[in-house]
Amino acid sequence: MKSRFRLSTAAAAVSLAAAGVVGVSTTPAAAASPTCFYAGTLNAYGATYIAWQYGPPECFGVAPSGTIWHTWSGAGSWKEMPGNGRASHFVDYFEGPAGKAVKVVTESGNYYCNYDDYATNTWGGWYGTSTDHC
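None of the values given here were measured: they were computed from a predicted structure.

## Remarks on the overall build of the protein
So, point 1. Of regular secondary structure, the protein possesses zero helices and 11 strands.
So, point 2. Walking the protein from its N terminus toward its C terminus, one meets helices and strands in the order β-β-β-β-β-β-β-β-β-β-β.
So, point 3. Residues classed as buried in the protein amount to 45% of the 134 residues present.
So, point 4. Surface exposure of the protein reaches about 6,500 Å², of which carbon and sulfur atoms provide 53%.

Shown next as structure tokens:
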């Protein structure tokens, strides 16, 4: 389950640096007390904290420009997700023992997913989807 909160619009802007498909079906566990590790400038949807079952907690958000970002404890700052994706906001999160996936929606209503394979700890590129899952 995900926890949703907004970062303060007065939060300091971070120097956002760039960082790096298979269906999964389990929902991540809810976090008791979410924090998103680092300040950042996100759009009105704010950040979403995910307590993954098989990996460390992670936060996701979209910048006002539409670029897609994530961060985690020890990342040092927010990192742009690979694949040059653009979105309005995140809509869903999926996880299984082999990996995790995130789903976004664009301003035009199109849905895209990105998958992280736990074996390689590598996010793939964004791919379109019309299903409920990634």
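## Structural notes on the side chain of E95
So, point 1. With respect to the helices and strands, the residue E95 is situated in strand β7 (residues 89–96).
So, point 2. Separated by 2.6 Å, the side chain of E95 and the backbone nitrogen of Q53 make a polar contact.
So, point 3. At a separation of 2.9 Å, a polar atom in the side chain of E95 contacts the main-chain amide nitrogen of Y54.

## As for the nonpolar core
So, point 1. Core analysis: the biggest nonpolar cluster contains 13 residues, and F60, I68, M81, F90, Y93 and V102 have the highest contact counts within it.
So, point 2. Contributions of two or more residues to this core are made by β4 (58–62), β7 and β8 (99–105).
So, point 3. Among residues more than four places away in sequence, those in contact with I68 are G61, K79, E80, M81, G85, R86, A87, F90, V104 and W126.
So, point 4. Of all hydrophobic cores here, the second largest spans nine residues; its members include L42, Y49, A51 and W69.

## Quick word on the packing of aromatic side chains
So, point 1. Counted by the stated rule, this structure contains seven aromatic pairs.
So, point 2. With a centroid separation of 5.2 Å and 55° between ring planes, the pair formed by F60 and F90 is classed as tilted. On the criterion of sequence distance, the pair formed by F60 in strand β4 and F90 in strand β7 is long-range, its members being 30 residues apart.
So, point 3. Plain terms: the ring middles of F60 and W123 are 6.2 Å apart, the flat faces sit at 80° to each other, and that makes the pair edge-to-face.

## What to know about the confidence of the model for the protein
So, point 1. Per-residue pLDDT for the protein averages 80, and the proportion of residues at 70 or more is 75%.
So, point 2. Within the model, the stretch residues 1–33 combines pLDDT values under 50 with 86 contacts to residues more than four positions away or in other chains.

## Examining the environment of L42
So, point 1. Locating L42 in the fold gives a position in the loop between β2 (17–18) and β3 (47–50).
So, point 2. With a relative accessible area of 15%, L42 lands in the buried category.

## Side note on the environment of T48
So, point 1. Summarising the element assignment, T48 is placed in strand β3.
So, point 2. Look at T48 and you get buried, because its relative accessible area is 2%.
So, point 3. Sequence separation between T48 and H70 is 22 residues; the distance between their C-alpha atoms is 9.3 Å.

## Some thoughts on the pairing of strand β9 (residues 111–117)
So, point 1. Of the strand pairs in this sheet, β8 and β9 are connected by seven bridges, and their pairing is antiparallel. Bridging from a neighbouring strand, K100 pairs with D116 of β9.
So, point 2. Linking β8 back to β9 in an antiparallel pair, the connection comprises five residues, with G109 at a positive phi of about 90°.
So, point 3. Direction of pairing for β9 relative to strand β11 (residues 127–129): antiparallel, over a ladder of three bridges. For Y112, the partnering residue across the bridge sits in β11 and is G128.
So, point 4. Here β9 runs beside strand β10 (residues 122–123); their pairing, made up of two bridges, is antiparallel. Residue pairing in the sheet places D116 in a bridge with W123 of β10.

Scoring rules and cut-offs
Residues numbered from 1 in each chain as written. Predicted model: local features only at pLDDT ≥ 70, side-chain atom pairs only at ≥ 80, totals over all residues. Heavy atoms only, no water. Helix = DSSP H or I, 4+ residues; strand = E, 2+ residues; numbered from the N terminus. Buried < 20%, exposed > 50% of the residue type's maximum accessible area, 1.4 Å probe, protein only. Areas by Shrake-Rupley, 256 points an atom, 1.4 Å probe, with all protein chains shown as cover. Polar contact = N/O pair within 3.5 Å; in protein donor to acceptor, adjacent residues only side chain to side chain. Core = buried A, V, L, I, M, F, W, Y, C linked by side-chain atoms within 4.5 Å. Contact = heavy atoms within 4.5 Å. Phe/Tyr/Trp six-rings, centres within 6.5 Å; stacked < 30°, edge-to-face > 60°. pLDDT = per-residue confidence, 0-100. Pairing = 2+ DSSP bridges.

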